[in-house]
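# Close look at the chain arrangement
The primary structure of each chain is shown beneath.
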Amino acid sequence: MSVTIAEELLLLAYSEEEGKQLISGSQLDPALGGAILAELAINERVALSGKKVSVEDATPLGDDELDAALTRIAQEGKERKPDWWVQRLHSTKLRRRLLIRLAETGVLAEERGKVLGVFPTTRWPEADGSVEAEVRQRVSGVLAGAEPDGRTAVLIAVMHAAKLDRKAFPGADKARIKEIAEGDWAGDAVAKTIAAINSVILIAATGAAIGAGTAGS
């Protein structure tokens with residue numbers, strides 16, 4: 001079945017059996033927003049003119065999330081920086097929509113429960129492991145030395161930005177991951193998008209740290 005780069009990232013970001021997140025929401029959510037923007041870039045729907053995101057081709061791609069993001073960028077009325085768009089596109093709502101979509105297509109299962117019998121919680125274990133297996137095979141091949149296509153390079157770079165790479169592929173060569181993450185495998189627009197993801201994650205993490213410090217003072 002066909003999935004977006006954001007959904008591939010999501011599958012790698014949750015443990016297969018327990019269905020729990022491997023990284024924090026402040027890392028994962030900006031990465032998902034960035035993955036949406038990067039996929040529009042590698043499909044030549046958006047481009048970077050200077051430091052601004054602009055629509056090059058408004059033709060829909062046939063995916064609700066990608067097309068909604070493309071329409072939103074086209075209707076903004078003025079060009080914005082990549083990090084501005086990553087900030088606007090990412091949210092816990094986006095993550096949940098993608099998780100529900102994967103559950104509805106039978107890739108994940110939605111299991112609701114309560115912690116200590118009080119606090120509601122939801123796990124997302126795999127129901128059909130074939131989709132993630134294909135993604136892992138493709139990524140593993142590139143990390144082992146195969147030439148990356150733009151889509152796989154973007155996925156690896158986004159994982160690296162979110163610090164998911166070492167958790168999802170603990171035995172991978174750090175130098176190879178860095179080479180792909182910093183390479184211009186899919187064009188300048190994607191490289192700028194990856195830099196924007198890093199920036200937004202840093203801002204989110206800094207804000208969380210400040211909030212924790214204030215709460216503890």
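To start, this report covers the structure provided alongside it. (Residues numbered from 1 in each chain as written. Predicted model: local features only at pLDDT ≥ 70, side-chain atom pairs only at ≥ 80, totals over all residues. Heavy atoms only, no water.)

## Observations regarding unusual backbone geometry
Defined as follows: The helix and strand labels rest on DSSP assignments: H or I over at least four residues marks a helix, E over at least two residues marks a strand, and numbering proceeds from the N terminus. Burial classification: accessible surface area is computed with a 1.4 Å probe over protein chains only, and a residue below 20% of its type maximum counts as buried, one above 50% as exposed, and the rest as partly exposed.
Positive phi, close to 60°, is recorded for Glu-44, a residue that is not glycine. Residue placement: Glu-44 occurs in the loop between helix 2 (25–42) and strand 1 (46–49). Located in the positive-phi region is Lys-163, a residue other than glycine, with phi close to 60°. Looking at the element boundaries, Lys-163 is found in the loop between helix 7 (150–161) and helix 8 (165–168). Residue Lys-163 is classed as exposed on the basis of its relative accessible area of 55%.

## Examining a positive patch on the surface
Where we set the bar: Excluding any residue in a salt bridge, patches collect residues exceeding 30% relative accessible area, merging like charges within 9 Å and nonpolar Val, Leu, Ile, Met, Phe, Trp and Tyr side chains within 5 Å. Throughout, the Shrake-Rupley method with a 1.4 Å probe supplies accessible areas, and for residues the shown protein chains are the sole cover considered. A pairing counts as a salt bridge when a side-chain nitrogen of Lys or Arg comes within 4 Å of a carboxyl oxygen of Asp or Glu. For the purpose of counting charges, residues Lys and Arg are taken to be positive, whereas Asp and Glu are taken to be negative. His and the chain ends are not included. A charged residue contributes its charge at one atom only: NZ of Lys, CZ of Arg, CG of Asp or CD of Glu.
On the surface, Lys-51, Lys-52, Lys-78 and Lys-81 cluster together into a patch of positive charge. With respect to the element layout, Lys-51 can be found in the loop between strand 1 and strand 2 (52–55). Given the relative accessible area of 60%, Lys-51 is considered exposed.

## Thoughts on the layout of surface pockets
In this approach, a probe sized like a water molecule rolls over the atoms, and the result shows the empty space that is left. The criterion, for reference: The pocket and cavity definitions rest on a 1 Å grid over protein atoms only: a 1.4 Å probe that fits but cannot leave marks a cavity, an open set with protein on both sides within 12 Å along at least five of seven lines marks a pocket, and residues lining either have an atom within 4 Å of a point. Grid points are joined across faces, edges and corners, and a volume is the space filled by probe spheres set on the points. In this count, Pro and Cys sit with the nonpolar residues alongside Ala, Val, Leu, Ile, Met, Phe, Trp and Tyr, while Asp, Glu, Lys and Arg are called charged and the others, Gly among them, polar.
In this model, the largest pocket occupies a volume close to 220 Å³. As for the largest pocket, its lining consists of 13 residues, of which Tyr-14, Gln-21, Arg-95, Thr-122 and Trp-124 are closest to the centre. Among the elements of the structure, helix 5 (92–104) and strand 4 (119–123) are those that each provide at least two residues to the lining of the largest pocket. For the lining of the largest pocket, the leading source of residues is helix 5, giving four residues. Here the lining of the largest pocket is built from residues that sort into four nonpolar, five polar and four charged.

## Brief notes about the side chain of Gln-27
This is how it is decided: Pairs of residues are marked as contacts when any of their non-hydrogen atoms sit within 4.5 Å.
If you trace the backbone, Gln-27 turns up in helix 2. Gln-27 gets classed as buried once you look at its relative accessible area, which sits at 18%. Those residues in contact with Gln-27 that sit more than four places away from it in its chain are Ala-162, Lys-163 and Ile-201.

## A look at the side chain of Thr-152
Mapped onto the fold, Thr-152 is located in helix 7. Residues contacting Thr-152, with those up to four places away along its chain left out, are Arg-138, Val-139 and Val-142.

## With respect to the nonpolar core
Applicable threshold: Remark: nonpolar core denotes a set of buried residues (Ala, Val, Leu, Ile, Met, Phe, Trp, Tyr, Cys) joined through side-chain atoms within 4.5 Å.
Ranked by internal contacts, the top residues of the largest apolar core, which has 64 residues, are Leu-9 and Met-159. Here this core takes nine residues from helix 2, the largest share from any one element. Not counting residues up to four positions away in its chain, the partners in contact with Met-159 are Leu-9, Leu-12, Val-139, Leu-164, Asp-165, Ala-168 and Phe-169.

## With respect to the pattern of salt bridges
Where side chains of opposite charge bring their charged atoms close, a pairing between them can arise. Under the defined criterion, the tally for this structure stands at 16 salt bridges. Across the salt bridge formed by Arg-96 and Glu-110, the nearest N and O atoms sit 3.3 Å from each other. Highlighted residues: Arg-96 in helix 5 and Glu-110 in the loop between helix 5 and strand 3 (111–115), separated in sequence by 14 residues. Using a relative accessible area of 32% as the deciding quantity, one classes Glu-110 as partly exposed.

## Description of the packing of aromatic side chains
Test applied: Each pair of aromatic rings taken from Phe, Tyr and Trp, with Trp reduced to its six-membered ring, is defined by centres within 6.5 Å and is described as stacked if the planes are under 30 degrees apart, edge-to-face if over 60, and tilted in the remaining cases. Whether a charge lies above a ring is judged from NZ of Lys or CZ of Arg, which has to be within 6 Å of the ring centre and within 35 degrees of the ring normal.
Taken as a whole and assessed by the stated rule, the structure comprises one aromatic pair. Ring geometry for Trp-84 and Trp-85: centres 4.9 Å apart, planes at 85°, overall edge-to-face. Taking the relative accessible area as the measure of exposure, Trp-84 reaches 21% and is therefore partly exposed. One residue, Arg-80, lies across the ring of Trp-84, its end atom 4.3 Å from the ring centre. The ring centre of Phe-169 lies 4.9 Å from the NZ or CZ of Arg-136, which sits over that ring.

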